[in-house]
Amino acid sequence: MKKPILSALAAAIIVGGLFATPSGYADDTGTRLYAVTITNITRGQIITPPVVISHNRHFELFALGAPASPELATLAETGNGAPLVGAVAGLPSVYRTAIGSGGIQPGKSVTVVIETSREFPQISAAAMLVSTNDAFMAVRGMSTQIRGTVSAEAEAYDAGSEMNTEDCSFIPGPPCGDRNHNPAAAEGFVHIHAGIHGVSGGTLNPAQLDWRNPVAQVEIKRMR
């Protein structure tokens, strides 16, 4: 009489084993590690080492139609993400920050590893398009997956902090190489970037350096 019960119990154990959570994902209440891969899908723009931030829903990298923070403006004008990292790292809405180790050539990718937690499950990223006055690519508040990957397309934004003169005196990337700030009044708010148009007096070639959004592909994959 006991054999059917034992057989049912063994079957339950086997079935349970088939659907058991992999050990690598066992602690879903603690920290999680993600690989954030950013692929440059423009033809001629180089993207600077990206800033990656893990955070909760209360963090806002920027708001369209509002002024960029001074630190985001610095990233958008010079490609230097360190001031942005320094400004957000201590915020209660931010969990971790990281900066990529190199620029991203057209058609190439860079991966940044960052930690999140159950309370801080979102990721934002930003980086400059270097042959511009103040263009940057960004994704905001991407929700991470407990398992697997999530992806999104990143558009190019204008920080609105520097006039789009397309003048090498104020552009760090090729064919230029200068990080001066143009003091002339700019738009004053973040908006979708209009691209490179061969502005009179400028030195940028739109045939090589213009783009159509999106400018990057962002993939977030859980590592553990």
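Everything discussed here concerns the structure shown above.
Residues numbered from 1 in each chain as written. Predicted model: local features only at pLDDT ≥ 70, side-chain atom pairs only at ≥ 80, totals over all residues. Heavy atoms only, no water.

J.: I'd like a description of the packing of aromatic side chains, backed by residues and values.
T.: Applying the stated criterion across every chain yields a total of four aromatic pairs. Ring geometry for Tyr95 versus Phe120: centroids 5.3 Å apart, planes at 20 degrees, classification stacked. Linking Tyr95 in strand β3 (residues 94-99) with Phe120 in the loop between β4 (109-117) and β5 (122-128), this pair joins segments that are 25 residues apart in sequence. Overall, Phe120 belongs to the buried group, its relative accessible area being 15%. Pairwise contacts between aromatic rings join Phe62, Phe136 and Tyr157 into one cluster. (Phe/Tyr/Trp six-rings, centres within 6.5 Å; stacked < 30°, edge-to-face > 60°. Helix = DSSP H or I, 4+ residues; strand = E, 2+ residues; numbered from the N terminus. Buried < 20%, exposed > 50% of the residue type's maximum accessible area, 1.4 Å probe, protein only.)

J.: Let's hear about the nonpolar core: which residues, and what values?
T.: Within the largest apolar cluster, 30 residues are counted, with the highest numbers of intra-cluster contacts made by Val36, Ile38, Leu129, Met137, Val218 and Ile220. For this core, the elements supplying multiple residues, two or more each, are β1 (31-40), β4, β5, β6 (135-143), β7 (149-158) and β9 (216-222). It is β6 that contributes the most residues to this core, four residues altogether. (Core = buried A, V, L, I, M, F, W, Y, C linked by side-chain atoms within 4.5 Å.)

J.: Can you break down the pairing of β9 residue by residue, with the values?
T.: Residues of β9 alternate between two faces, with Ala216, Val218, Ile220 and Arg222 buried on one and Gln217, Glu219 and Lys221 left unburied on the opposite face. With seven bridges connecting them, β1 and β9 associate as antiparallel partners. When the sheet's bridge partners are listed, Ala35 is paired in β9 with Lys221. When β7 meets β9, the two strands line up antiparallel, connected through six bridges. Within the sheet, the bridge partner assigned to Ala154 lies in β9 and is Ala216. (Pairing = 2+ DSSP bridges.)

J.: Describe in detail the pairing of β7, supporting the description with residues and values.
T.: Sheet topology note: the β6/β7 ladder contains four bridges and is antiparallel. Within β7, the position partnered with Ala135 by the bridge is Asp158. The antiparallel pairing of β6 with β7 creates a hairpin that spans five residues between the two strands, and Gly148 there sits at a positive phi of about 80 degrees. Pairing of β7 with strand β8 (residues 191-192) involves two bridges; the strand directions are antiparallel. From the neighbouring strand, Asp158 faces β8, where its bridge partner is His191.

J.: So, the state of the cysteines: which residues are in play, and what are the values?
T.: Within this structure, the stated rule accounts for one disulfide. Bridging Cys168 to Cys176, the disulfide has an S-S length of 1.9 Å. Around the S-S axis, the bridge from Cys168 to Cys176 shows a dihedral of about -70 degrees and counts as left-handed. Residue classification places Cys176 among the partly exposed residues on the basis of a relative accessible area of 23%. (Disulfide = S-S within 2.5 Å.)

J.: Go over the side chain of His191 with me, naming the residues and quoting the values.
T.: Position of His191 relative to the elements: it lies in strand β8. The buried category is assigned to His191, whose relative accessible area is 19%. Dropping the residues within four chain positions of it, His191 is found in contact with Leu64, Tyr157, Asp158 and Gly160. (Contact = heavy atoms within 4.5 Å.)

J.: Can you tell me about the side chain of Ser93, naming the residues and giving the values?
T.: Its location among the elements puts Ser93 in the loop between α3 (82-88) and β3. Once residues within four sequence positions are removed from consideration, Ser93 is found in contact with His55, Asn56, His58, Phe59 and Phe120.

J.: Describe the pattern of salt bridges, naming the residues involved and giving the relevant values.
T.: Applying the stated criterion across every chain yields a total of three salt bridges. Between Arg96 and Glu115 there is a salt bridge; the shortest N-O distance is 3.2 Å. Taken together, the residues span a long stretch of sequence, with Arg96 in strand β3 and Glu115 in strand β4 at a distance of 19 residues. Here Glu119 and Arg118 are joined by a salt bridge, their closest N and O atoms 3.7 Å apart. Judged by relative accessible area, Glu119 falls into the partly exposed class, the value being 46%. (Salt bridge = Lys/Arg side-chain N within 4 Å of Asp/Glu carboxyl O.)

Everything listed here is a matter of geometry and, on its own, says nothing about what the molecule does.
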